[in-house]
Amino acid sequence: MHAHIRPQPGIMDIALYQGGTSKIAGRDDVVKLSSNENPFGPGDLARLAYARAGHDLHRYPPTDHAGLRAALGAHFGIDASRIICGAGSDEIISFLCQAYAGPGDEVLYSQHGFLMYRISALAAGATPVVAPERDRTADVDALLAAANKRTKLVFIANPNNPTGTMIPLEEITRLAEGLPKQALLVLDGAYAEYAENYDGGAALVDQRDNVVMTRTFSKLFGLGGLRVGWGYGPQHVIDVLNRLRGPFNLSNMQLDIAEAALGDTAHIARSLSENARLRDWLAEKLNAIGVVTDRSFANFVLARFRDAAQAEACNAALLSEGLIVRQVGSYGLPEGLRITIGDESACRRVAHVIGAFMESQQ
Ligand code: PMP
């Protein structure tokens, strides 16, 4: 660190985020299954909007995102005036921490929670606090026990990354009801669309003044590279977040493409059904050869091996066959490999390589 010019306390506690690669030198059959992206990419309507984009590059984008918010409101059956859009849900998470947590405040989340909660809490000068989980699933009793008068934000991803597990809405409601009055509960629904019969907590947001939901176009909609996410919350929270949102935080192109993607029902249906079919197929294959998985409600499975060394060896075997998955030691699960559900050929390759690897271990 520089002798005189120093960042705010907390910033140097942030480990640099390790982004995933999609390339392996010398191979042209590489499949990236490490970032929970939709293997089909964007749908036709989003691609068309992308091809048409650019006619208004000299114009500043609208600051109120009215078009995209109206489309989101209609698509999800929610109140468009209580939606805020950002550069990925990461930006909404960051706004929430900046707005509600500072030095002396605590930001609470569950063990094996998404890395951005810690990063955004530290960036805001607040203290990240981790509650123990149970069976790789958030434990509401542990979260309630860890909450105190300094707790300002509580994050819970449902379904959770990197475990794929989820907790029932009754448990989330119990958490919202039991938290201290000054704490805001954030339901991170990055994978909510993949969980059948789950609204991401939208109805709970409508019932309470201490619950916010975050969502994204990066997963089901196949637009991780576009960087569009959004939040839905009580009016008092959306008003606060809008004050610190840069007026032009989303470009014309981002807004147009995201809106087009929402209307692509064929792409959405195909992505969902293929994911469910291949996720269950892959989990069954893995279980049959002695690799343990929890039931996943998302677009990935967490494969758990005997120990970190075995996971590492399997990761190396996958890499040598051009398959990039994510070893999740940074989430405190070094014995796990998080495998995004790719297309059918990718899933078959993964099952084949892990099958051969497990046989070599006997
Ligand atoms: N929440 C969770 C649980 C995630 O896994 C991710 C993506 N890795 C995000 C939020 C952020 O996604 P984005 O910023 O692309 O919307």
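Residues numbered from 1 in each chain as written. Predicted model: local features only at pLDDT ≥ 70, side-chain atom pairs only at ≥ 80, totals over all residues.

- The protein chain has the name Histidinol-phosphate aminotransferase in an unreviewed UniProt entry, where Roseinatronobacter bogoriensis subsp. barguzinensis is given as its organism.
- One UniProt comment on the protein chain, placed under Cofactor (unreviewed entry), says "pyridoxal 5'-phosphate".
- Regarding the protein chain, the UniProt comment filed under Subunit (unreviewed entry) reads as follows: "Homodimer." (UniProt positions renumbered as here; feature names shortened; annotations may be inferred.)

**Some points on the sheet that holds strand E4 (residues 127-131)**
- Taken in spatial order, the seven strands of this open sheet run E2-E8-E7-E6-E5-E3-E4, and their pairing is mixed. Looking at which strands have only one partner, the edges of the open sheet turn out to be strand E2 (83-86) and E4. The mean angle between the axes of side-by-side strands here comes to 25°, regardless of whether they run parallel or antiparallel.
- In terms of strand pairing, strand E6 (residues 184-188) meets strand E7 (residues 211-216) through four bridges, oriented parallel. Looking at E7, one finds that Asp-188 is bridged to Thr-214.
- Helix H2 (residues 66-76) contacts E2 and strand E8 (229-232) of the sheet and is inclined by roughly 120° relative to E2.
- Contacts from helix H4 (residues 115-123) reach strand E3 (106-110), E4 and strand E5 (151-157) within the one sheet, and its direction differs from that of E4 by about 150°. (Pairing = 2+ DSSP bridges. Helix = DSSP H or I, 4+ residues; strand = E, 2+ residues; numbered from the N terminus. Axes fitted to C-alpha atoms, helices over the stretch in contact; angles between N-to-C directions. Contact = placed C-beta atoms within 7 Å.)

**Topic: the UniProt feature "domain: Aminotransferase class I/classII large" (unreviewed entry) in the protein chain**
- Feature annotation in UniProt assigns "domain: Aminotransferase class I/classII large" (unreviewed entry) to the following positions: residues 29-354.
- Helix makes up 41% of residues 29-354 and strand makes up 17%, while its end C-alpha atoms are separated by 17 Å.

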